[in-house]
Amino acid sequence: MEEKRIRIILDGDPGHDDAVNFMLACGSPRFEVLGITTVAGNQTLENTTRNALNLMQALELDVPVYRGCSQAMVREHIAAGDIHGKSGMDGPVFEPLRRTIEAKHAVNFIIDTLMESEEPVTLVPTGPLTNVAMAIRMEPRILPKIEQIVLMGGCYQLGNRTPAAEFNIYDDPEAAHIVFTCGRPLTMIGLDVTRKCLCTPEVIERMEKIGNRASQIFADLMRFFSSTQKKIYGWAGGPLHDPLTCAYLIDPSVLTVRRMYAEIDHGCYGPSYGRTNCDFFGRTAKSREANADVAVDVDVEKYWDIIEAGLRAYSR
Ligand code: RIB
Ligand code: CA
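The structure contained in this document is the topic of the report that follows. Positions within a chain are numbered from 1, following the residues in the order the chain's sequence is written. Chain labels run from A onward and ligand labels from 1 onward, assigned in the order the entries are written. At least 70 in pLDDT is required for a residue's local features to be given in this predicted model, at least 80 for side-chain atom pairs to be given and counted, and no such filter applies to totals for whole chains, interfaces and linings, which use all residues. With hydrogens and water excluded, all non-hydrogen atoms of the structure serve as input to the side-chain values.

## Some points on the overall build of the protein
Helix and strand counts for the protein stand at twelve helices and twelve strands. For the protein, the C-alpha radius of gyration of 18 Å lies close to 20 Å, the compact-globule estimate for 316 residues. Principal-axis analysis of the C-alpha atoms gives the protein an extent of 55 × 45 × 45 Å. Within the protein, residue pairs in contact and separated by at least 24 positions form 83% of the contacts whose partners lie at least 6 positions apart. A 1.4 Å probe and the Shrake-Rupley method give the accessible areas. Residues count as covered only by the protein chains that appear here. When the accessible surface of the protein is split by element, carbon and sulfur atoms take 51% of a total near 13,000 Å². Think of it this way: Lys and Arg go in the positive column, Asp and Glu in the negative one, and His and the chain ends go nowhere. Here the site of a charge means NZ on Lys, CZ on Arg, CG on Asp, or CD on Glu. A gap of 1 Å separates the mean positions of the 33 positive and 42 negative side-chain charges of the protein. Numbering of helices and strands runs from the N terminus; a helix is a DSSP stretch of H or I covering at least four residues, while a strand is a stretch of E covering at least two. Radius of gyration here uses only the C-alpha atoms, and the compact-globule reference equals 2.2 Å multiplied by the residue count raised to the power 0.38. Here, two residues are considered to be in contact whenever any of their heavy atoms come within 4.5 Å of each other.

Here it is, written out as structure tokens:
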């Protein structure tokens, strides 16, 4: 019997790796993608929104794109131009943009979709959590309609934006606090596993050989994304962070997760502002109930197989 499709909303800040996650999700029969909501993060909201539209147009994907929050809930917005370039998705060259944005604000789309939906919906955020947090605060009645939240963000080891914090969380710690305390099933896929998935030249060549438009966009994205991180970190490839979310939904065996209490350092600009403090050893289990399944290991070969299958799903 055919598996029931997972109904999802993709929320992100494309962003090279967000774009690959969008490609994986929109081309997969495992998902019914209800919409894409954009947020400021890697670049300004204007740039992340244009990037999402460019990708939908280039792959002729009929998925609506909704423009979200341009600022974090409290802190000033920071971008990651050093990683993703001036446009936020440097590398591929797209045709003049004809695709247009939906009129509704992304936060209202999330609220309306969840409130009107008979079935619960899975949220897949891969950028700062501003849109999701705003939706939860504006309309708490959406909570029982959230099947689960599978997010890319955080780390229980080293950060990337600061020694303590990972970029998505650091860019809006107050939003992350709201999401991590909302009480819905949450899977945190952090740098601890995504850094094991370096998109090396060999991986790029493997995908480019598929020979369709999707694989060419993947190669153009990843060549730029890897070049900046080689310069900054000296790595052989850029860690392909975001698509691990949908890869995990497609095949949960791609990750090993560990249930633990995860708390966000928020509210004051200390040296650990935006850190996901994860109680790996359960030292506070008596007083703090675990609130997240945190990814602690990844089957990298299986991940690349999922990415390859995702790109092959495109007929052009
Ligand atoms: O820290 C990595 C995360 O920050 C990824 O989601 C990347 O796209 C940026 O949003
Ligand atoms: Ca992202």
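## Quick notes on the sheet that holds strand β5 (residues 146-152)
At least two bridges found by DSSP between two strands are what make those strands a pair. What the eight strands build is an open sheet, ordered β3-β2-β1-β4-β5-β6-β12-β9; its pairing is mixed. Looking at strand neighbours, the two that pair on one side only are β3 (65-67) and β9 (255-260), the edges of this open sheet. Strand after strand, the sheet turns through a mean of 25 degrees between neighbouring axes, direction not considered. Where β5 meets strand β6 (residues 186-189), four bridges bridge the pair, whose relative direction is parallel. Paired with Ile149 across the strands is Leu186, a residue of β6. Working convention: axes come from line fits to C-alpha atoms, limited for helices to the stretch in contact. Angles between N-to-C directions cover 0 to 180 degrees. Those strands touched by helix α1 (residues 16-27) are β1 (6-12), β2 (31-38) and β4 (121-125), and its axis lies near 165 degrees from that of β1.

## Points about the pairing of β1
Along any regular strand the residues' side chains alternate between the sheet's two faces. Burial here depends on accessible area, computed with a 1.4 Å probe over protein chains only, as a share of the maximum for the residue type. Under 20% is buried, over 50% is exposed, and the range in between is partly exposed. The buried fraction of β1 amounts to seven of the seven residues, a majority that puts the element mostly inside the structure. Alternating residues of β1 divide into Ile6, Ile8, Leu10 and Gly12 and Arg7, Ile9 and Asp11, and every residue in both groups is buried. Strand direction decides the pairing type here: β1 and β2, joined by seven bridges, are parallel. Residue pairing across strands places Ile9 opposite Gly35, the latter belonging to β2. The crossover handedness rule: strands pointing away from the viewer, path from first strand over the helix to second strand clockwise, crossover right-handed. What joins β1 to β2 is α1, and the crossover it makes is right-handed. Pairing between β1 and β4: four bridges, direction parallel. Each bridged residue has a counterpart across the sheet, and for Leu10 the counterpart in β4 is Val124.

## Regarding the site of ligand 1
If you check the shell around ligand 1, you find Asp13, Asp17, Asp18, Asn42, Thr126, Met152, Asn160, Glu166, Phe167, Asn168, His241 and Asp242 and nothing else. Within the contact set of ligand 1, an oxygen atom lies 2.9 Å away from a side-chain nitrogen or oxygen of Asp13. Relative to its unbound accessible area of 280 Å², ligand 1 is 97% covered by the protein chains. Throughout, the protein atoms alone are placed on a 1 Å grid, and a set of points is a cavity if a 1.4 Å probe fits but cannot get out or a pocket if it is open with protein on both sides within 12 Å along at least five of seven lines; lining residues have an atom within 4 Å of a point. Should more than half of a molecule's atoms lie within 2 Å of a pocket's or cavity's grid points, that molecule is taken to sit in it. According to the grid-proximity analysis, the pocket containing ligand 1 is the largest pocket. Elements with a minimum of two residues in the shell around ligand 1: α1 and α6 (167-170). Note on terminology: near, applied to a residue and a molecule or strand, indicates that one of the residue's heavy atoms is within 4 Å of it. Each polar contact in these results corresponds to two N or O atoms within 3.5 Å; when the atoms are within protein, one needs to be able to donate a hydrogen and the other to accept it, and residues that are neighboring in sequence are counted only if both atoms are side-chain atoms.

## Topic: helix α9 (residues 201-208)
When we look at burial in α9, the residues that qualify are Val203, Ile204 and Met207. When α9 is viewed along its axis, its buried side chains cluster within an angular range of 100 degrees and face the same direction. Where α9 is buried, its residues meet β7 (198-199), α10 (213-233) and α12 (300-312). Here, the arc refers to the directions that run from the helix axis to the C-beta atoms.

## What to know about unusual backbone geometry
A positive phi angle, near 50 degrees, is found at Glu60, a position not held by glycine. By the secondary structure assignment, Glu60 is in the loop between α2 (45-58) and β3.

## A few points about the pattern of salt bridges
Here, a salt bridge means any side-chain nitrogen of Lys or Arg that lies within 4 Å of a carboxyl oxygen of Asp or Glu. Evaluated as defined, the whole model comprises 13 salt bridges. Residues Arg206 and Glu308 are paired through a salt bridge, measuring 2.7 Å at the closest nitrogen-oxygen approach. Placement of the pair is Arg206 in helix α9 and Glu308 in helix α12, with a sequence separation of 102 residues. A relative accessible area of 16% means that Glu308 is categorised as buried. Between Arg223 and Glu208 there is a salt bridge whose closest N-O contact spans 2.6 Å. Here Arg223, found in helix α10, pairs with Glu208, found in helix α9; they are 15 residues apart in sequence, far enough to count as distant. In this structure Arg223 comes out as partly exposed when scored by relative accessible area, which is 38%. In the salt-bridge network here, residues are joined through shared partners; they are Arg206, Glu301, Asp305, Glu308 and Arg312.

## Description of the coordination of the calcium ion (ligand 2)
The textbook angles at a metal center are 109.5 degrees for a tetrahedron of four donors and 90 or 180 degrees for an octahedron of six. With water omitted from the atoms examined, metal sites may look incomplete; donors here are N, O and S atoms no farther than 2.8 Å from the metal, or 3.2 Å in the case of Na, K and Ca. Every protein donor of the calcium ion (ligand 2) is accounted for by Asp13 (OD), Asp18 (OD), Asp18 (OD), Thr126 (O) and Asp242 (OD), and the metal-donor separations fall at 2.2 to 2.6 Å. Here the donor residues of the calcium ion (ligand 2) are spaced in sequence according to D-x4-D-x107-T-x115-D. Here the residue Asp18 occupies a position in helix α1, and Thr126 occupies one in the loop between β4 and α5 (130-138), the gap between them amounting to 108 residues. Assigned by exposure class, Asp18 and Thr126 land together as buried.

## Things to note about the layout of surface pockets
Estimated volume of the largest pocket: approximately 310 Å³. Forming the walls of the largest pocket are 25 residues, and the residues nearest its centre are Ala80, Ile83, His84, Asn160 and Phe167. If you list the elements that add at least two residues to the lining of the largest pocket, you get α1, α3 (81-84), α6 and α10. The class makeup of the residues in the lining of the largest pocket is ten nonpolar, seven polar and eight charged. Estimated volume of the second largest pocket: approximately 160 Å³. Along the walls of the second largest pocket sit 14 residues, with Gly183, Arg184, Arg259, Ala290 and Asn291 positioned nearest its centre. Grid points are joined across faces, edges and corners, and a volume is the space filled by probe spheres set on the points. For this classification, Asp, Glu, Lys and Arg are treated as charged, while Ala, Val, Leu, Ile, Met, Phe, Trp, Tyr, Cys and Pro are nonpolar and the rest, including Gly, are polar.

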